[in-house]
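Take a look at the letters that make up each chain.
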Amino acid sequence: IKVLTNDGLEAAAIESLKAAGAEDEADKLGEALKDFDALVVRSATKVTADVLDKAEGGKLKLVVRAGVGVDNIDIKHAHDKGVTVKNTPNASSDSVAELVLAHMFTVARFL
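Residues numbered from 1 in each chain as written. Predicted model: local features only at pLDDT ≥ 70, side-chain atom pairs only at ≥ 80, totals over all residues. Heavy atoms only, no water.

Caption draft 1: Focus on the pattern of salt bridges. This model, assessed by the stated rule, comprises four salt bridges. We note a salt bridge from Asp37 to Lys59, for which the minimum N-O separation is 3.7 Å. With Asp37 in the loop between β2 (23-24) and β3 (38-41) and Lys59 in the loop between α2 (49-54) and β4 (62-65), this pair connects stretches of sequence that are 22 residues apart. Its salt-bridge partner being Lys81, residue Asp53 comes within 3.2 Å of it at the nearest N-O pair. One end of the pair, Asp53, is in helix α2; the other, Lys81, is in the loop between α3 (75-80) and β5 (84-87), with 28 residues separating them in the sequence. With relative accessibility at 33%, the residue Asp53 sits in the partly exposed group. A residue is classified by how much of its surface remains accessible, and Lys81, at 28% relative accessible area, is partly exposed. Taken together, the shared-partner salt bridges connect Asp53, Glu56 and Lys81 into one network. (Salt bridge = Lys/Arg side-chain N within 4 Å of Asp/Glu carboxyl O. Helix = DSSP H or I, 4+ residues; strand = E, 2+ residues; numbered from the N terminus. Buried < 20%, exposed > 50% of the residue type's maximum accessible area, 1.4 Å probe, protein only.)

The values reported here are purely geometric and, on their own, carry no functional implication.
Laid out in structure tokens, this is it:
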């Protein structure tokens, strides 16, 4: 499995992918996308119809948004091309809850 992580990921996430047998080659969005089985992006990369068209005829079967939304991915066009789109909706839930509690403490204690 060859995975392109275009927006950069935590080192631990990349190591987990490699341990599962995936290859990581960052920053190759474009014609080279045909050579990859999966694309993992965060919010900076826009997976538009043009990007998906460049992968046509290649191996790309999965686009994953490492985050909550998928607003930076043309889901309909991906579906039309036979590419599955997934995201990680609960990935930041703990961090958001911690931030909310920290802000509540700040207001309560006038920090």
